[in-house]
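Overview (structure and organization)
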Protein chains: 4
Amino acid sequence: MSTVIKGGTIVAADRTYEADILIEGETIAAIGKDLKGDKTLDAEGALIMPGGIDPHTHLEMPFMGTTAAETWESGTFAALSGGTTLVVDFVIPGPDGMLAALEDWHGKAKRQASADYSFHMCVTGWSKQHFDEMEKVVARGINTFKHFMAYKGALMVNDDEMFASFQRCAALGALPLVHAENGDLVAALQQKYLAEGLTGPEGHAYSRPPEVEGEATNRAIMIADAAGVPVYIVHTSSEQAHEAIRRARQKGIRVFGEPLIQHLTLDETEYFNRQWDHAAQRVMSPPFRDKSHQDSLWAGLSAGSLQVVATDHCAFTTEQKRVGVGNFTKIPNGTGGLEDRMPVLWAKGVETGRLTPNEFVAVTSTNIAQILNIYPQKGAILPGSDADMVVWDPKLSKTISAATQKSIIDYNVFEGFKVSGLPRYTLSRGEVVWSEGQNSQPRPGRGKLVERRPFPAV
Amino acid sequence: MSTVIKGGTIVAADRTYEADILIEGETIAAIGKDLKGDKTLDAEGALIMPGGIDPHTHLEMPFMGTTAAETWESGTFAALSGGTTLVVDFVIPGPDGMLAALEDWHGKAKRQASADYSFHMCVTGWSKQHFDEMEKVVARGINTFKHFMAYKGALMVNDDEMFASFQRCAALGALPLVHAENGDLVAALQQKYLAEGLTGPEGHAYSRPPEVEGEATNRAIMIADAAGVPVYIVHTSSEQAHEAIRRARQKGIRVFGEPLIQHLTLDETEYFNRQWDHAAQRVMSPPFRDKSHQDSLWAGLSAGSLQVVATDHCAFTTEQKRVGVGNFTKIPNGTGGLEDRMPVLWAKGVETGRLTPNEFVAVTSTNIAQILNIYPQKGAILPGSDADMVVWDPKLSKTISAATQKSIIDYNVFEGFKVSGLPRYTLSRGEVVWSEGQNSQPRPGRGKLVERRPFPAV
Amino acid sequence: MSTVIKGGTIVAADRTYEADILIEGETIAAIGKDLKGDKTLDAEGALIMPGGIDPHTHLEMPFMGTTAAETWESGTFAALSGGTTLVVDFVIPGPDGMLAALEDWHGKAKRQASADYSFHMCVTGWSKQHFDEMEKVVARGINTFKHFMAYKGALMVNDDEMFASFQRCAALGALPLVHAENGDLVAALQQKYLAEGLTGPEGHAYSRPPEVEGEATNRAIMIADAAGVPVYIVHTSSEQAHEAIRRARQKGIRVFGEPLIQHLTLDETEYFNRQWDHAAQRVMSPPFRDKSHQDSLWAGLSAGSLQVVATDHCAFTTEQKRVGVGNFTKIPNGTGGLEDRMPVLWAKGVETGRLTPNEFVAVTSTNIAQILNIYPQKGAILPGSDADMVVWDPKLSKTISAATQKSIIDYNVFEGFKVSGLPRYTLSRGEVVWSEGQNSQPRPGRGKLVERRPFPAV
Amino acid sequence: MSTVIKGGTIVAADRTYEADILIEGETIAAIGKDLKGDKTLDAEGALIMPGGIDPHTHLEMPFMGTTAAETWESGTFAALSGGTTLVVDFVIPGPDGMLAALEDWHGKAKRQASADYSFHMCVTGWSKQHFDEMEKVVARGINTFKHFMAYKGALMVNDDEMFASFQRCAALGALPLVHAENGDLVAALQQKYLAEGLTGPEGHAYSRPPEVEGEATNRAIMIADAAGVPVYIVHTSSEQAHEAIRRARQKGIRVFGEPLIQHLTLDETEYFNRQWDHAAQRVMSPPFRDKSHQDSLWAGLSAGSLQVVATDHCAFTTEQKRVGVGNFTKIPNGTGGLEDRMPVLWAKGVETGRLTPNEFVAVTSTNIAQILNIYPQKGAILPGSDADMVVWDPKLSKTISAATQKSIIDYNVFEGFKVSGLPRYTLSRGEVVWSEGQNSQPRPGRGKLVERRPFPAV
Ligand SMILES: [Zn+2]
Ligand SMILES: [Zn+2]
Ligand SMILES: [Zn+2]
Ligand SMILES: [Zn+2]
Ligand SMILES: [Zn+2]
Ligand SMILES: [Zn+2]
Ligand SMILES: [Zn+2]
Ligand SMILES: [Zn+2]
């Protein structure tokens, strides 16, 4: 069965043009004029873009004594409703090692996912077992390894461990990712503020200042450079971190930076809200920053020093957040964004003139696919590409609200944002999986694992 | 008549993949597996890349009392032999204005060119006539206007003139280009060194230090930003100029920088050569710089803060250069590079690991086509694109020499460079116009004018 | 007749210590314990600092069709009441040249001044006469020449004129000063905003954005570096200008930057005040900036990349300002500050912890005297120095108000500022010329000309 | 007994002037014209400057299994012969803690020192004992605590330990010092190069690249800023480290940087010398750098972003160095410089025009005394100051050679440097302790401990 999409304007990272798109099975068979297929989908003058890729999610993540409430079922459907057709989630090894954890993650995703998914593997320590397992992980289609410089006593690795793992990445053709905050300082500042009686959510922001992120970013880059491997900094939230990235890139070092849609549009005043729930719902790491950092992140996206917009979707209910009443260090860290990333980025980025529509496609999809080495299977509208697309209608608008979202969380950090620019249709491997106003439903088990090959070893 | 190219690997700015390419007439009809055509061209395992675009040439340019010896006939054939299928030349208005000059330039090109060509228009003063003619120039397919901040008393414009012209560009959807050197300082330094008895070619370098370029670059960017228009800095040769560009981009300002292949690979010690001819042959503006600047330029290409590699091909014979014996300010400014840009960039950029093959395509072709608004007619291997391609064979090698070049100049600034990576075939709109070892000949009149539409007005 | 100051703590640029100060005649004779003199002045536990030096004033300046209302009589007395014992004013040559203008300025000052004074000479064009007169000006005790890059059609000089004058400065051992704004752009932006019907004082700010200042600063530094002479940028008001200064200093170039007390503490929202008078009273060039620039300037003072705090005191009455109703380009440019510079800097700089008391002395007096080559005659409390001192009492406080000021202007841009830290006594060459609460009066004719010798020629 | 120095020109950090200096006992009693004393010392037209202070020495330091061969006796006399009248040495606590180590160090110094001395205390771990002892150390006249970020497994402290110690410093009014290299990376790189069979001294340089220093410098500054305390980076050797310092200072953070005379004048090619001994004699941490770093350091001294020139004098004999034959990690780290710092800095800094004589005094003496809180007892020529002075004769010259040095080491890293500018006399607390050509001898036991009071606690 084939489908032709007609009446749309294709927006790719490199150009904008009008053409029909012929889908055969799960992939794009042809792009051109007057194509014919069994069925026709009318784009009604809207834009057709590659389906969004969110390279940074934590669905059902076990963390800080609880488990992120957003499930693979709800999260991936929320993603599709917002134009995102692929999520890349982080596998966190437990005592049984990387492969067991991967099995666990894969099991949950397979049963529930409506959207395609892929995995990053976390490296949370260092030993011969880590060294050996990394090769097997790569063999199973994972070419990215994540390292936490924070969460001391839990996920954090030290500089020597990170250097060892980065060298291993270089040998395997894998890309290291880094959560960059100085974990020693964060832990010490947390204790300091608690000791001073500052127990509310604002303490979270105070204990993770931008300097602590900038420092760790700078350090991670130096270590990667010494290991001879590129590096990808997740959730770049501050000018300090961006400066470190820019400075390295200006020396010819290959570094990538990933601002989140939250940091681009929300600021630290959220933590000063008098309602504990409101503030705690926004607790994530790095925290939202002073507004001045937003200019830096937006400029980075247009200048090319930052490449990707993600969400770090790791969503807990208000109930879960309340574990941290009286002690901000107990508030589960994480916010949502999977559903709203693309509409919010369009509204705040494209409609304001900061980004062109082509740049929008680049940072939500194409650049990510290239960095993750799955381009042009994903991230492109090209013959042979998976038919993952979003028919994006700049004339559709809504006000974001927890009341109407697909996510199962009871609040939304973008509550009240007016956005225009929404998916009219979302297609995943050729099928319409979201259709505005048509009562689309989740289809657990439809999503497929996307394996990613390693890069040539350095 | 159709042709299929088989057996090659397509290298685009965004990816590398294997496929056949079907050419029908002048354009690419299809890309895919097992394509069939009337004829087959065997790529023999080589790479297939979009034909190079040189955005900066001065063929037969009347300048400094003489005329550049490289003709449209010799220059465009030299280009094709080196993989460049489109040159963009600068029209310099005389007393009769822009339109008359355009006619003049067009006439020369039409008769002689083997490769396609397009034009930039120079703005060398300001008046109501300039204001009015700019609109007509845009209507004739030119969307770029060049401004000289140097060559005082000749081509140079002042800040108020530049600001007026930039605002006009903004209104017309045109992109201003700038030759950025402080002309007042250059003129004064020239007089100073001459007065001190320093008359040789090294005086050329001393009188145009990198600071003078950095200053003008910084100024041009400020003026463009005030006019609300992007700006393109031609022949960015120094860290000082690159720094100004980077600093602006980091604020979200749209600025483009164009290093030349000469500045990437040659340095100022050339001017200290004891042979006057050798040194004078290298006299161009900006002059070659201290080696340390090269690292800055290469890093800019990989970081994305510089986007384009050009040549500023403006080639005079040794005889012509000798007008400046005893007074370096009389040496006609200009060097060649049109024929060697791509081989030299491949050898010094890709083979050294500084640039990926995809980045090579981006900076020699794709980025340029996008900036000049002729993408994907040019700069791409996509269905519908002009079939301008180079079959690039990394195994072909040669030693560059004036003795064997297509250019009619009697020397070559890259003399003795060993390069591997050369065109096996060059195709212009579907025809093989250069074939390694097949005694290809110029075909004057074959080249066509490429018109370029304006951008949406700001 | 000798005087001993007892009971104070001496604050110098390099240290803080307790000692008596013996004054004999006009100079300091000794510093030490248990000194004896004919008279004793009790410092009552206050701080004793070198008298302030304001290196940038325009008393009775003929400008924009009128004359600054602050006279030499009122201005110098206002200065003394605020702890400033020396003002350096700008001589602006008319058609009769530099020497005639100097005579004119000197005449006015001599008759009226209560405080000591010195002169900078302005270079507002270039010719053999300028070249020749500069040497004579230096012989009369002026070692600084000011250049305006703005005020097109009036005071502005072009790059070639500036380069010529800077080279002359180098030869004479004089220091060039620069008002750095791109005059071409300012003039064009003024016309643009007027043409758009924006005629109010906010148009003044819009037509002189910080980028226009940053650009000119960068250019002035490049020209000075080419001329081989240090350079002093007056009224550095923005991060852009400060960045250019920092960048140059980091290369080892000798550049000085002078923020004004106004730019350190007031911001552009003043121009959006609904009362035309309020906004127009604040019109000066460069205009007040967005608050974010203040952090940059303060950091520059503590880091040493900016060295001096001045006022650019050029005060017009509200009546005079009203000439610009309906056309902001007619509003006489200038504000006051001579009386309030030191108290406001103490309140906003020292009491907030940004500057140490020693740094306060450095930027209000010592650094200036060194840069102007009159140290330690002025700017120091050392045996042999002129006995110019202020007995500064951090416990004295007041609310600044036009109602109570010594300046004859009918408003004060610092109106309502609460300051603590005020002169208890001000001494000029050994005499108490201001005594808090003692009804001190101006003493026209008491002030003396301070001649300044050139530096060794470069 | 009093002495008058006549016939000299006093060079202070803030000015240059002619005067006599009257010394009574150990201090300066008066400065002025026509002073009289029991004895006269004729400066013979030379310059009189405050005695040099070397803030960074390791005399008889137990390190890497041996003990630095330069003794307190030889080292302090070498210092005096080169114009340095005060050395500040690092006490390294052993198992018995800080106070015991201080006693040990003090004992050795007291018996042997010809010059005055003072101590820094090292913090090489963290515990309640460290917390408690720091207060007692401050009470004994030490206001500076040193932290090593390198020498893993030996002296190195982690980020949490450093943060704890820095906070303690803040509370005690002490200044933290930091040896900034990433110890994890250094250790891993050492193992990597050894494993690759690279065992010679050049491996030392490769395993400690400038990036490793820049990273640690950046981190130390962040931690100090979080602790609310200024920080002093010892032996700043690279643009990377200097950049981190500059960047912080430009935000208003109080950071000091200390280039060594070695890094200002020697470069990494020394390690490529074919003679193992030659290379090993130069092994120190950080290692000498690529020449390009020298420009950065010199510019920092003139711009004020670096404040101090030291030596890190830690001198081992060639015999001692040979322990590392076959394994560069065993070569005792350290070079000499105490004797040559001032002559070499004068020759390479002042005579080349990079520094003024006043800046020379600032960076060799005055700034150091201010930072260490012993100004103007030391670092100044002022009434009441200790009579530590050097009569500096720019006309005296020599060629530096181990054959003629006072140091007991058998080589000299500045061997062959021609310097002009040497001490004619060195005075320590009023006594001539070095007299050019007069066969001056060490006077063990003459040197006194200089206690330094804490700053006001933050
Ligand atoms: Zn994270
Ligand atoms: Zn995450
Ligand atoms: Zn040019
Ligand atoms: Zn050109
Ligand atoms: Zn001004
Ligand atoms: Zn002024
Ligand atoms: Zn050290
Ligand atoms: Zn040391």
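Residues numbered from 1 in each chain as written. Chains lettered and ligands numbered in written order. Predicted model: local features only at pLDDT ≥ 70, side-chain atom pairs only at ≥ 80, totals over all residues. Heavy atoms only, no water.

Going by an unreviewed UniProt entry, chain A carries the name D-hydantoinase/dihydropyrimidinase and comes from Kumtagia ephedrae. Regarding chain A, the UniProt comment filed under Function (unreviewed entry) reads as follows: "Catalyzes the hydrolysis of dihydropyrimidines and of the structurally related DL-5-mono-substituted hydantoins, to produce N-carbamoyl-D-amino acids." Per UniProt, the comment on chain A under Catalytic activity (unreviewed entry) is "5,6-dihydrouracil + H2O = 3-(carbamoylamino)propanoate + H(+)". (UniProt positions renumbered as here; feature names shortened; annotations may be inferred.)

A few words now on the coordination of the zinc ion (ligand 2). Here the zinc ion (ligand 2) is held by His56 of chain A (NE2), His58 of chain A (NE2) and Asp312 of chain A (OD), and the distances to it run 2.0 to 2.2 Å. Here the donor residues for the zinc ion (ligand 2) map to a single chain with the spacing H-x1-H-x253-D. (Donors = N, O, S within 2.8 Å, 3.2 Å for Na, K, Ca; no water.)

What characterises a pair of aromatic rings is the spacing of the ring centres plus the angle enclosed by the ring planes. For the coordinates displayed, the defined rule picks out 52 aromatic pairs over all chains. Here Trp346 of chain D and Phe360 of chain D contribute two aromatic rings whose centre-to-centre distance is 5.0 Å and whose plane-to-plane angle is 90°, an arrangement assigned as edge-to-face. In this pair, Trp346 of chain D is assigned in helix α13 (residues 341-350) and Phe360 of chain D in helix α14 (residues 357-371), connecting sequence segments 14 residues apart. For Trp346 of chain D, a relative accessible area of 4% translates into the label buried. You can call Phe360 of chain D buried: its relative accessible area is 0%. Each member of the aromatic cluster is reached from another via a ring pair, and the members are Phe63, Phe148 and Tyr151 of chain A. (Phe/Tyr/Trp six-rings, centres within 6.5 Å; stacked < 30°, edge-to-face > 60°. Helix = DSSP H or I, 4+ residues; strand = E, 2+ residues; numbered from the N terminus. Buried < 20%, exposed > 50% of the residue type's maximum accessible area, 1.4 Å probe, protein only.)

All names here are of chain A. Segmentation of chain A into domains returns domain 1 (2-49 + 380-394 + 421-435) and domain 2 (51-371). Computed over C-alpha atoms only, the centres of domain 1 and domain 2 are separated by 31 Å. Between domain 1 and domain 2, the contact holds 22 residues from the first and 17 residues from the second. Across the domain 1/domain 2 interface, buried area totals approximately 1,600 Å², and carbon plus sulfur atoms make up 64% of it. At the junction of domain 1 and domain 2, the tally comes to one salt bridge. The closest approach of N and O atoms between Arg429 and Asp116, which form a salt bridge, is 2.5 Å. Our enumeration of links across domain 1 and domain 2 arrives at seven residue pairs in polar contact (both at pLDDT 80 or more). Of all the elements in the fold, those that place two or more residues in the side of domain 1 that touches domain 2 are β7 (47-50), β17 (389-399), β18 (418-428) and β19 (431-435). The leading source of residues in the side of domain 1 that touches domain 2 is β18, at six residues. Its residues assigned to classes, the side of domain 1 that touches domain 2 comprises 14 nonpolar, four polar and four charged. (Domains from an automatic or database assignment. Contact = heavy atoms within 4.5 Å. Buried area = accessible area lost by both parts, 1.4 Å probe. Salt bridge = Lys/Arg side-chain N within 4 Å of Asp/Glu carboxyl O. Polar contact = N/O pair within 3.5 Å; in protein donor to acceptor, adjacent residues only side chain to side chain. Nonpolar A, V, L, I, M, F, W, Y, C, P; charged D, E, K, R; others polar.)

It is worth spelling out the side chain of Lys108 of chain C at this point. With respect to the helices, strands and loops of the structure, Lys108 of chain C is situated in helix α2 (residues 97-112). No salt bridge is formed by the buried Lys108 of chain C, whose closest oppositely charged neighbour, Asp104 of chain C, lies at an N-O distance of 4.1 Å. (Lys, Arg positive; Asp, Glu negative; His and termini not counted.)

Contact geometry of helix α5 (residues 183-195) of chain A with helix α4 (residues 159-172) of chain D gives a least axis separation of 8 Å together with a crossing angle of 45°. The pairing of α5 of chain A with α4 of chain D is recorded here as oblique in orientation. The two elements α5 of chain A and α4 of chain D cross, and the hand of that crossing is right-handed. Taken together, the residues of α4 of chain D that come into contact with α5 of chain A (itself represented by Asp184, Leu185, Ala188, Leu189 and Lys192 of chain A) are Asp159, Asp160, Phe163 and Gln167 of chain D. (Axes fitted to C-alpha atoms, helices over the stretch in contact; angles between N-to-C directions. Parallel < 35°, antiparallel > 145°, perpendicular 65-115°, else oblique. Left-handed = near helix turned anticlockwise from the far one by under 90°.)

All right, on to the interface of chain D and chain A then. Counting residues at the interface gives 25 residues for chain D and 25 residues for chain A. A combined buried area of about 1,900 Å² lies between chain D and chain A, and 63% of that area is made up of carbon and sulfur atoms. There are six salt bridges connecting chain D and chain A. At the level of secondary structure, the elements contributing two or more residues to the side of chain D that touches chain A comprise α4, α5 (183-195), α7 (210-227) and α8 (239-249) of chain D.

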